[in-house]
Amino acid sequence: MPEMTPVQTLLIAIIQIVLVIAFVFVVVPLTIFAERKVLGFVQQRLGSTRIAGKLRGITGLQNRFMWGMGRFPIIHYFRGLPGLVGDIVKLFIKEDIRPAKADRFVYLIAPCVSMIAAMLVYAMIGFYPGTLFTIPSFIPLIGGLPVGGTIADVNVGLLMLLGIASVGVYGIVLGAWASNSKYPLLGGLRSAAQMVSYEVPLTISMLTPVILAGSLNFNEMTRVTATGLSPWGVIPLFIGFFAYITCGFAESNRLPFDMPEAENELVAGYHTEYSGMRFGLFYLAEYINMSIVAALASAFFFGGPWLLPFGLQRFIPETAFWIGQPHWYIFAVKIVFFLFVYIWVRGSWPRYRYDQIMDVAWKYLIPMTLVNLVLAGIVRYFA
Amino acid sequence: MKKFLKTLIPTELAKGLLLTGKWFCQVMFSPNRGKSKLHIVDEYPEVPAKVQPRFRGRLQLLKDAQDEIICVCCMACIKACPTNAISLVAGKKEGRKTRIPESYDFELERCIFCGFCVESCTFNAIALNHQFELAVYNREDMAIGLGGVFQSIDKPSPVGKFSYSGKE
Amino acid sequence: MFKTQVMEINMGPQHPSTHGVLRLKLGLDGENVKSCYPIIGYLHRGVEKICENKAFFQGQVWTDRMDYCSAVSNNLGWAEALEKLFGIRVPRRARYLRTMLNELNRLNSHLVWLGTHAMDIGALSVFLYTWRDREKILDVFEAFCGSRLTTTAMRIGGLQEDVPEGFEKMVRDAFESVRIGIQEYETLLSENRIWLKRTVGIAKLSADDCLAYGVTGPILRAAGVAYDIRKAHPYAAYDEMKFEIPTRTEADTYARYLVRLEEMRQSIHIVEQCLEGLPEGPVMAKIPKTLKSEVGEVYHPTEAPKGEIGFYVVSEKGGVNPYRFHIRTPGFLNVQAIPLMLQDALVADVVTAVGTLDVVLGEIDR
């Protein structure tokens, strides 16, 4: 890698950030749309296929157009997409209502805290080990420089990632407290306890790939778990994966652990009093968190940008065409699969009670992950 | 030991996932507008909803073969109506022995579609037709009478007013 | 410096899981429910008073709108009470058809209950699956009565019309769907560890408490008391039907779930018996055009899906409308038991308790 001036580094980083933000803002709204569709299909419905509107006018034309689109394969899955656009537009132009006795400052920054914490984590996620593409040389100042697949390829990537991710709970707790309302307060208390509890088994379960890979660097961990894993290492990795995905569900507040916003108990939980784009930020943050958990699951446990997980990649020679090399879109496909699992689970299982969630964390997951950690250590020592 | 394994391996959760996954695949891979539909919803405004023959919709005054209102103003429907939704003024017409309604007012917002009026009618002069798309923008449009501008009580109502069906 | 105080929180009248406009005043200590006080009356329409001011036959439309999930059961109780008052004998065919409609209605009501209850606990898909099967039954109602929800199915002295064309096939198709459906609910819920955690031992109501509070229906049967008016005081054609009363002894939410599922199976069984043994004959008894009452009073209990629904009618001589009309609705008495069920409960259990009681505010507030 050639030496770069600070300005060049900054420019490259900005390019990377724009790319990641573009990726996030494509994937997240599509996840919201996919949630509607997948839940629809699971429940033998069609999901969203139309937008609310009259017979005539723009909405009427759009509805007619979407009805016509239903005739074509594949395209008919995307019939309701204008509805999603409408939702986003509505979130932006809706009046921003603030409760009279809310703590103004905290109330305003809480969704931003949630959102920023969620977005920052993406800096540590390596979509691709090494250079993604090289900037063509005719561009002044940064021509010929490589753009890496990771914004911040730091040695303690995982540590930083977990540190930043745990800030997200502040957004929820502060927002809940600042609303000065009882239902959000209950939701906030629940989420504080839940997320702090689940942070422990989540971190311990993530230590399994750390021990097996012997590194805290994101790309290094991904590479080792995909290519260099010993056959015995699969067992702790697999157990670690189940513990991790359970904790991940809890961390991103999804069914069966969606305590902070359990709809049928707490109306909407911590964001009951929020409206407009502030609610939208919470909403987006939740889905970004989902995609982060999915990204980490696919990176550390399912081989990330490599085709095959669990060290199976080493049987494919690196020189093999296409499948021998890592690709960022393989990683994306894996993320999409885990996002689908999220929605699938939501459509299938009931919700735990608050104290039972704590039971699951402290009585089952923490002992399990600790035992798994020892197992990983043994594997690492002898292999 | 068996119980421990059962606790450890969530087979019943997996079964639930398989069931929902089965429906997901079936609905996902059956075409949305195809003939073999596995989803349970109808795309209503485009595909007109079917109602059963006995369906009770809006009240309608029937006409005989000479295109004349059958009603003879016996007031049975008014007495039978639990919500007093019907009122009529009897009048006379040249060349007709029986009375004929001068005005027949049916207040849609009060009607509860019980069908008692139709049962009480011994002349088969009224019926509840199959119209169910009864939403209007103005309250005045709910008062349906003879020669109404928006909906006339003696005309079969335009069923599927809100439907626009693509050619299948 | 620090003091603890109970946080009062109003669950309802506008809340996603109080099934309408039930309001629960909860005193919370953190997540623990310290006190619970149900407040009703947000949907009061004065059904009893209206019925006193309308002709005998007109009262039926208000019974439709009491428990809107089980309109036929209300209609049946109302019709039989008035028939008892006037001393009318209903033809056998009409009694069979009434039984059949009533059981279809029980199926419908239990499906609604299962769907909403499961959704309260978080199982989203069960809700839609029950709605899928309920749709078929509502179609049967639409074909028979002309309306899906507010059926107005009965008439004093029998039924308005005989079975429509293709009725039997329609019912059997619906049952095929419901049978597969019940299997699906069992797969999704019965053994599901989360469902078990949320329901086993939750919202217990012992048999003694049930009897003390006048709680009837599946809640009483889940507590081990095999009291079912269909067997205890047979009405319609229930004395000619073979069926069992499912009971459990655990008296918790899970037991009620199992009891209701079994009742659904029994309902299918009863309707099939009715279809097979349907006698020929008229469906309407000969009654005078205007009913004029003698002095009398009747109380007629029937088994609605939610418990005992009783109609108490007092009439005066020559009256065209009842002198006094009182309805004992099951939900009204069942909802009193909520504070009792919520001892040592958490907030999430409130939702479970309300769901398992199967409250419909239309009949509680009347």
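Residues numbered from 1 in each chain as written. Chains lettered and ligands numbered in written order. Predicted model: local features only at pLDDT ≥ 70, side-chain atom pairs only at ≥ 80, totals over all residues.

**Some words on the overall build of chain B**
Secondary structure assignment for chain B yields four helices and five strands. The N-to-C order of helical and strand elements in chain B reads α-α-β-α-β-β-α-β-β. Across the 168 residues of chain B, 26% fall into the buried class. (Helix = DSSP H or I, 4+ residues; strand = E, 2+ residues; numbered from the N terminus. Buried ≥ 20, exposed ≤ 12 C-beta atoms within 10 Å, placed from the backbone.)

**Here's the deal with the overall build of chain C**
A count of helical and extended segments in chain C gives 15 helices and nine strands. Taking 2.2 N^0.38 as the reference for a compact globule, 366 residues should give roughly 21 Å; the C-alpha atoms of chain C span a radius of gyration of 21 Å, in line with that estimate. Dimensions along the principal axes, computed over C-alpha positions, put chain C at roughly 80 × 45 × 30 Å. The buried share of chain C, taken over its 366 residues, is 58%. (Rg over C-alpha atoms; globule rule 2.2 N^0.38 Å.)

**Topic: the interface of chain C and chain A**
Counting residues at the interface gives 26 residues for chain C, matched by 24 residues for chain A. Taken together, the elements giving at least two residues each to the side of chain C that touches chain A come down to strand 1 (7-11), helix 4 (92-121), helix 5 (124-145), helix 7 (193-199) and helix 14 (347-357) of chain C. Partitioning the side of chain C that touches chain A into residue classes produces 16 nonpolar, five polar and five charged. (Contact = placed C-beta atoms within 7 Å. Nonpolar A, V, L, I, M, F, W, Y, C, P; charged D, E, K, R; others polar.)

**Observations regarding the interface of chain C and chain B**
With 19 residues of chain C at the interface, the matching set in chain B holds 20 residues. Within the residue set of the side of chain C that touches chain B, elements represented by two or more residues are helix 5 and helix 6 (167-190) of chain C. Ranked by the residues each element gives to the side of chain C that touches chain B, the list is headed by helix 5 of chain C, at five residues. Of the residues contributing to the side of chain C that touches chain B, the split by class is four nonpolar, eight polar and seven charged.

**Concerning unusual backbone geometry**
Excluding glycine, most residues fall at negative phi; most peptide bonds, likewise, are trans. Residues and elements named next belong to chain B. With a phi close to 70°, Met75 is a non-glycine residue in the positive phi region. Mapped onto the secondary structure, Met75 falls in the loop between strand 1 (59-61) and helix 3 (76-80). The class for Met75 is partly exposed, based on 13 C-beta atoms found within 10 Å.

**Some words on the sheet that holds strand 3 (residues 100-107) of chain B**
All names here are of chain B. Pairing is antiparallel across the open sheet formed by three strands, whose spatial order is 2-3-5. Sheet topology places strand 2 (86-91) and strand 5 (143-144) at the edges, where each strand pairs with a single neighbour. Relative to strand 5, strand 3 runs antiparallel, the two sharing two bridges. Considered in strand 5, the bridge of Phe106 is made with Ile144. (Pairing = 2+ DSSP bridges.)

**Notes on the packing of helix 4 (residues 104-121) of chain A against helix 6 (residues 168-178) of chain A**
Residues and elements named next belong to chain A. At a minimum axis distance of 7 Å, the contact between helix 4 and helix 6 shows a crossing angle of 160°. Taken together, the axis directions place helix 4 and helix 6 in an arrangement best described as roughly antiparallel. In this structure, helix 4 meets helix 6 at a crossing whose hand is left-handed. Mapping the contact onto sequence places Val106, Tyr107, Ala110, Pro111, Val113, Ser114, Ala117 and Ala118 in helix 4 and Gly168, Tyr170, Gly171, Ile172, Leu174, Gly175 and Ala178 in helix 6. Residue composition of the contact of helix 4 with helix 6, grouped by class: eleven nonpolar, four polar and no charged. (Axes fitted to C-alpha atoms, helices over the stretch in contact; angles between N-to-C directions. Parallel < 35°, antiparallel > 145°, perpendicular 65-115°, else oblique. Left-handed = near helix turned anticlockwise from the far one by under 90°.)

**Overview of the nonpolar core**
Judged by nonpolar contacts, the single largest core of 234 residues is most densely connected at Ala297 of chain A together with Val350 of chain C. Of the residues that make up this core, three or more belong to each of domain 1 (1-50) and domain 2 (59-144) of chain B. (Core = buried A, V, L, I, M, F, W, Y, C linked by C-beta atoms within 7 Å. Domains from an automatic or database assignment.)

**A closer look at helix 12 (residues 328-348) of chain A**
In a regular helix each residue adds 1.5 Å, so 21 residues correspond to 30 Å; helix 12 of chain A covers 31 Å between its end C-alpha atoms and thus fits that length. Among the residues of helix 12 of chain A, those classed as buried are Ile330, Phe331, Lys334, Ile335, Phe338, Leu339, Tyr342, Ile343, Arg346, Gly347 and Ser348 of chain A. (Expected span 1.5 Å × (residues − 1).)

**Things to note about the sheet that holds strand 1 of chain C**
Residues and elements named next belong to chain C. If you walk across this open sheet you meet the four strands as 1-2-3-9, and the pairing is antiparallel. Each end of this open sheet is capped by a strand with a single partner; those strands are strand 1 and strand 9 (345-346). Bridging between strand 2 (residues 23-29) and strand 3 (residues 32-39) involves seven bridges; their strand directions are antiparallel. Paired with Leu26 across the bridge in strand 3 is Cys36.

**A short note on the environment of Thr216 of chain C**
Residue and element names in this part refer to chain C. On the secondary structure map, Thr216 appears in the loop between helix 8 (207-213) and helix 9 (218-222). Between the C-alpha atom of Thr216 and that of Asn321, which follows or precedes it by 105 residues, the distance is 30 Å. With residues up to four places along the chain from it excluded, the contact list for Thr216 reads Gly307, Glu308 and Pro330.

**A look at the environment of Ala79 of chain C**
Residue and element names in this part refer to chain C. Take Ala79: it is sitting in helix 3 (residues 71-86). Owing to 29 C-beta atoms within 10 Å, Ala79 belongs among the buried residues under this scheme. Sequence separation between Ala79 and Arg256 is 177 residues, and the spatial gap between their C-alpha atoms is 29 Å.

**Some thoughts on the domain arrangement of chain B**
Structurally, chain B comprises domain 1 (1-50) and domain 2 (59-144). Each of domain 1 of chain B and domain 2 of chain B has a C-alpha centre, and the two are 47 Å apart.

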